[in-house]
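One letter stands for each residue in the lines below.
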Amino acid sequence: MFLKQHITAKPRQNMGVKDLSRMGLKNLTETQKTANSLMVDMGRRLAATPPGVCPVELARSFVTVCHAQSCGKCVPCRIGLGQLSNLLLDVIEGRAKDLDTIDLIKNTAQAIHDSADCAIGFDAARIVLTGIENFRDDYEEHILHNRCKGGFTAPVPCTALCPANVDVPGYISLINAGRNADAVRLIRKDNPLPVACGYICEHPCETHCRRNLIDYALNIRALKRYAVDNAGIVPAPLCDEPTGKKVAVIGGGPSGLTAAYYLSLMGHAVTIFEKRLQLGGMLRYGIPAYRFPRELLDQDIDAILETGIEVVSGVGVGDDIPFEKILNDYDAVYVTIGAHEGAKARIEGEDLNNVMSAVELLRKIGDGDLPNFKGKTVAVIGGGNVAMDAVRTCIRLGADNVYCVYRRRKKDMTAQEEEIEGALAEGAELLTLRAPIRIEDDGNGNACSLWLKPQIPSRVQADGRPSPKNAKLAPERLAADIIIIAVGQKTDTKPFEASGMPITPRGLFESTASGQAAPGSKVFTGGECVTGPATVIRAIAAGKTVAANIDEFLGYDHEISVNIDIPVPSPENNPPRGRVNTSNRVAFERKCDFDCIEKGMTDEEAEAESSRCLRCDSYGYGTFRGGRELAW
């Protein structure tokens, strides 16, 4: 049956000039424009929400916004969110008389969560429930003592969100004053790898920059790069008096280098045992040179070794030297061997020839062994930063076609957006919602194709991403000469298991909050062999933490300091301005070599960007605080 649309014509009477338009174009009213502008301002404030904010106040604000957005159809939203907001306000303003109020808030939120018709009520209630579960002590502090715990530890956002607690406003002010060498010295107080972080850090410090309240977050990473690019050779500080204590660091990656640097400055005799021929860990054997040139990595390493650290390279603990010997010869040991083994995709055919892990590929290149992929078709399995590194590396190795195969949507990829867009600009092709199911054998033990099962997004998981499930479509065949697996990394703990070091079910080292393998042990662990694959700055933070705690274990309480006069902030008004972003070399040029793809800031750009800093450290917003594991 077909539905027919009926059109009824009615004669118009007295058609005059004023009568010609029976419909009109709708334009935004000034009221609506103002409302839209206010929503943008609200978004800025949410983006700038700093650490240390009162979780009760934050929950109440979110519930109030959701209540304003409610369509009013269902009672849980229309009535329940208002009641929930009032209960939270009672806690904040001291009207809640006992802890039963927390249970009342929890039960109210749970009822809304279970009965709301849409995500407005569901999400608002979930925020409250999560807050009570994780911040119950903040609720109790309000009710019992009528005060907010969040205000006691409100830190400067950029410094608090840097895992190594680097004094970001301090070094930005030094850059603005043209004192780049001092900026590097100040960074090294908390992070001995300023060049590495200037080029490849994922800059969590920018996440809640309070400049977002005005316009955009500062380009902190690019400013750090500007400082290291223009500081010249900055010598390492002098070491403290020798303590007579010996510390072994097993692993010469960013975490091991960091711990060794600070322990050496404290006066301890440090020896790094590195399995590879060169130091750097994943900075050398995982980060491609087009992102971080090797000569720049050597600048950081040379400055660290300048403190008098001994290096034993090309030696595998457990293979070339027993772990027990190191335990006997040293007063403390830091095991930070990273995650240098590629995880398996667990599909048929991944042991065929021409199938390799991304870790294996990048490791070869780190030692200068560049394979020739000229004329080849390459398929890379994975959606993280390592997968993007493999994709862009294969393009530079001469591959004719490079595909990135991922089982979820593009927006669900864990790789940084600029890495994905960079790969696409260089000619890679992204095949999303395709799950690899097997690798085909050409009959001679070589991989010749990858079979993919189309997927469809399903229910959203705890991480906020919808899980994929098989679509009702036939598998697809992707012809490929080389298949690279980039689905994760793992740690080789076997050399240490015989010595009784505790291992988690995930195949990682167990560790106490201080980094000790067990309470009272002389063995400390940290970095990716404890956390799993993570960022460079988190590895640095682990090394800094363990260095402080090894120092304490050895009976000392050294504090790393630097005598640098921080410029006084200017009282001038700081109106809204555009953020200065760096640019890349053009794609058709950069994809042909391994030279650095990103261009640094000019003097003019660095001055303009550094002058946007609001100097939260000096204008009454927060203090530099933190426990032993966060700051010296």
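Residues numbered from 1 in each chain as written. Predicted model: local features only at pLDDT ≥ 70, side-chain atom pairs only at ≥ 80, totals over all residues. Heavy atoms only, no water.

Caption draft 1: How the structure looks around the pattern of salt bridges. Under the definition given, this model contains 35 salt bridges. Measuring nitrogen to oxygen at the nearest pair gives 3.3 Å for the salt bridge that ties Glu140 to Arg136. Taken together, the positions of Glu140 and Arg136, both in helix 5 (residues 119–145) and four residues apart, correspond to about one turn of that helix. Residue classification places Glu140 among the partly exposed positions, given a relative accessible area of 25%. Assessed through its relative accessible area of 31%, Arg136 is described here as partly exposed. The salt bridge involving Arg291 is made with Glu419; its shortest N-O contact spans 3.7 Å. Within this pair, whereas Arg291 is found in the loop between helix 12 (282–285) and helix 13 (294–305), its partner Glu419 is found in helix 17 (residues 417–425), the two being separated by 128 residues in sequence. The burial state of Arg291 is the same as that of Glu419; both residues are buried. (Salt bridge = Lys/Arg side-chain N within 4 Å of Asp/Glu carboxyl O. Helix = DSSP H or I, 4+ residues; strand = E, 2+ residues; numbered from the N terminus. Buried < 20%, exposed > 50% of the residue type's maximum accessible area, 1.4 Å probe, protein only.)

Caption draft 2: Geometry of the environment of Ala181. As for its position among the elements, Ala181 is in helix 8 (residues 180–188). According to the relative accessible area criterion, Ala181 is partly exposed, its value standing at 23%. For Ala181 and Pro235, which are 54 residues apart along the polypeptide, the C-alpha to C-alpha distance reads 9.6 Å.

Caption draft 3: A look at the packing of helix 8 against helix 10 (residues 220–230). At a minimum axis separation of 8 Å, helix 8 and helix 10 run at an interaxial angle of 115°. Judged by the sense of rotation from one axis to the other, the crossing of helix 8 with helix 10 is left-handed. Between helix 8 and helix 10, the residues in contact are Asn180, Ala183, Val184 and Ile187 and Lys224, Tyr226, Ala227, Val228 and Asn230, respectively. Partitioning the contact of helix 8 with helix 10 into residue classes produces six nonpolar, two polar and one charged. (Axes fitted to C-alpha atoms, helices over the stretch in contact; angles between N-to-C directions. Left-handed = near helix turned anticlockwise from the far one by under 90°. Contact = heavy atoms within 4.5 Å. Nonpolar A, V, L, I, M, F, W, Y, C, P; charged D, E, K, R; others polar.)

Caption draft 4: Structural detail: unusual backbone geometry. For Arg346, which is not glycine, the phi dihedral falls at a positive 60°. Assignment of secondary structure puts Arg346 in the loop between strand 5 (341–342) and strand 6 (355–357). Residue Arg346 is classed as exposed on the basis of its relative accessible area of 77%. Of note, the phi angle at Leu433 is positive, near 50°, even though the residue is not glycine.

Caption draft 5: Structural view of a nonpolar patch on the surface. Together, Met39, Met42 and Leu46 line one region of the surface with nonpolar side chains, adding up to about 280 Å² of accessible area. Tracing the sequence through the fold places Met42 in helix 1 (residues 30–47). Assessed through its relative accessible area of 32%, Met42 is described here as partly exposed. (Patch = residues over 30% accessible without salt bridge, like charges linked within 9 Å, V, L, I, M, F, W, Y side chains within 5 Å. Areas by Shrake-Rupley, 256 points an atom, 1.4 Å probe, with all protein chains shown as cover.)

Caption draft 6: Just the nonpolar core, in detail. With 73 residues, the main nonpolar core has Tyr171, Phe292 and Ile550 as its most contacted residues. Setting aside anything within four residues of it in sequence, one finds Phe292 in contact with Val195, Ala196, Tyr199, Ile200, Leu283, Ile287 and Leu297. With 30 residues, the next largest nonpolar core counts Cys404, Ile482, Ala486 and Ile597 among its residues. (Core = buried A, V, L, I, M, F, W, Y, C linked by side-chain atoms within 4.5 Å.)

Caption draft 7: Quick peek at the packing of aromatic side chains. Evaluated as defined, the whole model comprises six aromatic pairs. Centroid distance Tyr261 to Tyr262: 5.1 Å. Interplanar angle 70°. Geometry classified as edge-to-face. With respect to burial, Tyr261 and Tyr262 carry one shared label: buried. Lying over the aromatic face of Tyr330, Lys246 brings its terminal NZ or CZ to 5.0 Å of the ring centre. (Phe/Tyr/Trp six-rings, centres within 6.5 Å; stacked < 30°, edge-to-face > 60°. Lys NZ or Arg CZ within 6 Å of the ring centre and 35° of its normal.)

Caption draft 8: Up close: the sheet that holds strand 9 (residues 429–431). Reading across from one edge, 6-14-7-8-9 is the order of the five strands in this open sheet, with parallel pairing throughout. One side of each edge strand has no neighbouring strand; the edge strands of this open sheet are strand 6 and strand 9. Going across the sheet, the axis of each strand differs from the next one's by a mean of 25°, ignoring polarity. On top of the sheet, helix 15 (residues 358–366) reaches strand 6 and strand 14 (482–485); it is set at about 75° to strand 6, its chief contact. (Pairing = 2+ DSSP bridges.)

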